[in-house]
Amino acid sequence: YKEWDSRFSGVHSVGSVMSASQMSLAKDEHILKLFSDLKDETEWDHPKRKWASPVGGSIQASREFTRFAEEYPDRASRIIKQFEPKEQERPAGYCIEGLASTEYPNEKIIQLVKYFNENGFSTGEFRRSAARGLQKIAEHDASLPREIIELLTCWYFEESHPELSDCCDDNETPKDSILWGFGGSYSLPGGRDIFFEAIAAGTLLESPPDYQEFNSFIAKIINFEKHPKIWAIGFRLMGFLFNWDKQ
């Protein structure tokens, strides 16, 4: 009789079944097969190797694919266009975010975002990853096309996180001026705030800043947004509007 389930075998790091360096040596069809086996629904766990040989699922593989994309952007951008909605949206989104950290042309990344949006990629995780990539583009290039601002606005309204019930604790509430002060510490919810910040970067970092476009976005959400953490971010960004000369 062996009490196998009560023995401690040590701490193991659960990584991807294929590393970024292995992806660089593999054929495209091998990478596509990997993500065919590791659909988004597998998340952290490999569907066939949970106990005998612990390796991760879609999340770990997508992280390695991001590293691969940063080294081989042209090849990665070609591969992700063969992914399917609802099945490989995570690696597609991770890839877009990773590409935005490289010298890969911003115009091509924006075209990828538009391509996936038009082809049914609509999970919150994909959109959030894409929005983070678009924010990086805005910070580097100081602009985003108006059609992308409109797309991010649409995504903002369709994102359900955070729920109003997920409000901050008392010890997370800023104690001084939200608009002008340095404020207390509070965690970002990782939902609509991601789109908010991407829109702010895409409008306010332009030269000159597009205060009108950002103000238009604020006007659209003012009766919609109820979550205090979103407004904690929003009020800080709205401070830029005081520099707006409407004349």
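Participant: Quick rundown of unusual backbone geometry? Include the residues and the values.
Facilitator: Following His161, the chain continues into Pro162 via a peptide bond in cis, with omega recorded as 5°. You can see Pro162 is positioned in the loop between α8 (146–158) and α9 (192–204). One non-glycine residue, Lys86, adopts positive backbone phi at about 75°. Mapped onto the elements, Lys86 comes out in the loop between α4 (73–80) and α5 (89–99).

Participant: Quick one: what's the story with helix α10 (residues 211–221), residue by residue and with numbers?
Facilitator: If you check which residues of α10 are buried, you get Tyr211, Phe214, Phe217, Ile218 and Ile221. The arc that holds every buried residue of α10, seen down its axis, measures 125°, which confines them to one face. Where α10 is buried, its residues touch α8, α9 and α11 (228–238).

Participant: Got a sec to walk through the packing of helix α6 (residues 106–118) against helix α7 (residues 124–141)? Specific residues and values, please.
Facilitator: Where α6 meets α7, the closest approach of the two axes is 11 Å, and the angle between their N-to-C directions is 155°. The angle between α6 and α7 falls in the class roughly antiparallel. Pair α6 / α7 crosses with left-handed handedness. Where α6 approaches α7, its residues Asn106, Ile109, Ile110, Val113 and Phe116 are matched on the opposing element by Phe126, Ala130, Leu134, Ile137 and Asp141. Per-class residue counts for the contact of α6 with α7 are eight nonpolar, one polar and one charged.

Participant: Tell me about helix α3 (residues 58–71), residues and numbers included.
Facilitator: In a regular helix each residue adds 1.5 Å, so 14 residues correspond to 20 Å; α3 covers 20 Å between its end C-alpha atoms and thus fits that length. The element α3 is largely enclosed, with a buried count of ten among its 14 residues. Of the residues making up α3, those classed as buried are Ser58, Ile59, Gln60, Ala61, Ser62, Glu64, Phe65, Thr66, Phe68 and Ala69. Summarising the contacts, the buried residues of α3 are in contact with α1 (20–25), α2 (28–37), α4 and α5.

Participant: Requested: an account of the packing of aromatic side chains, with residues and values cited.
Facilitator: Tallied over the full model, the rule gives 20 aromatic pairs. Considering the side-chain rings of Phe157 and Phe224, the 4.8 Å spacing of their centres and the 65° angle between planes classify their relative orientation as edge-to-face. Placement of the pair is Phe157 in helix α8 and Phe224 in the loop between α10 and α11, with a sequence separation of 67 residues. The exposure class assigned to Phe157 is partly exposed, which follows from its relative accessible area of 31%. One aromatic cluster is present, formed by Tyr115, Phe116, Phe121, Phe126, Trp155 and Phe195 through successive ring pairs. For Lys81, the ring lying beneath its charged end belongs to Tyr115, and the centroid distance is 4.6 Å.

Participant: Tell me about the nonpolar core, residues and numbers included.
Facilitator: Core analysis: the biggest nonpolar cluster contains 60 residues, and Ile31, Phe65, Leu144, Leu152, Phe196 and Phe214 have the highest contact counts within it. Considering every element that reaches this core, the biggest residue donor is α9, with eight residues.

Participant: For the pattern of salt bridges, give the residues involved together with the corresponding values.
Facilitator: For the structure shown, the criterion picks out 13 salt bridges. A salt bridge links Glu225 to Arg192; the nearest nitrogen and oxygen atoms lie 2.6 Å apart. You can see Glu225 sitting in the loop between α10 and α11 and its partner Arg192 sitting in helix α9, a full 33 residues away along the chain. Each member of the pair Glu225 and Arg192 is classed as buried. Salt bridges sharing common partners tie together Arg146, Glu206, Asp210 and Glu213.

How each quantity is defined
Residues numbered from 1 in each chain as written. Predicted model: local features only at pLDDT ≥ 70, side-chain atom pairs only at ≥ 80, totals over all residues. Heavy atoms only, no water. Helix = DSSP H or I, 4+ residues; strand = E, 2+ residues; numbered from the N terminus. Buried < 20%, exposed > 50% of the residue type's maximum accessible area, 1.4 Å probe, protein only. Arc of directions from axis to C-beta. Contact = heavy atoms within 4.5 Å. Axes fitted to C-alpha atoms, helices over the stretch in contact; angles between N-to-C directions. Parallel < 35°, antiparallel > 145°, perpendicular 65-115°, else oblique. Left-handed = near helix turned anticlockwise from the far one by under 90°. Nonpolar A, V, L, I, M, F, W, Y, C, P; charged D, E, K, R; others polar. Expected span 1.5 Å × (residues − 1). Phe/Tyr/Trp six-rings, centres within 6.5 Å; stacked < 30°, edge-to-face > 60°. Lys NZ or Arg CZ within 6 Å of the ring centre and 35° of its normal. Core = buried A, V, L, I, M, F, W, Y, C linked by side-chain atoms within 4.5 Å. Salt bridge = Lys/Arg side-chain N within 4 Å of Asp/Glu carboxyl O.

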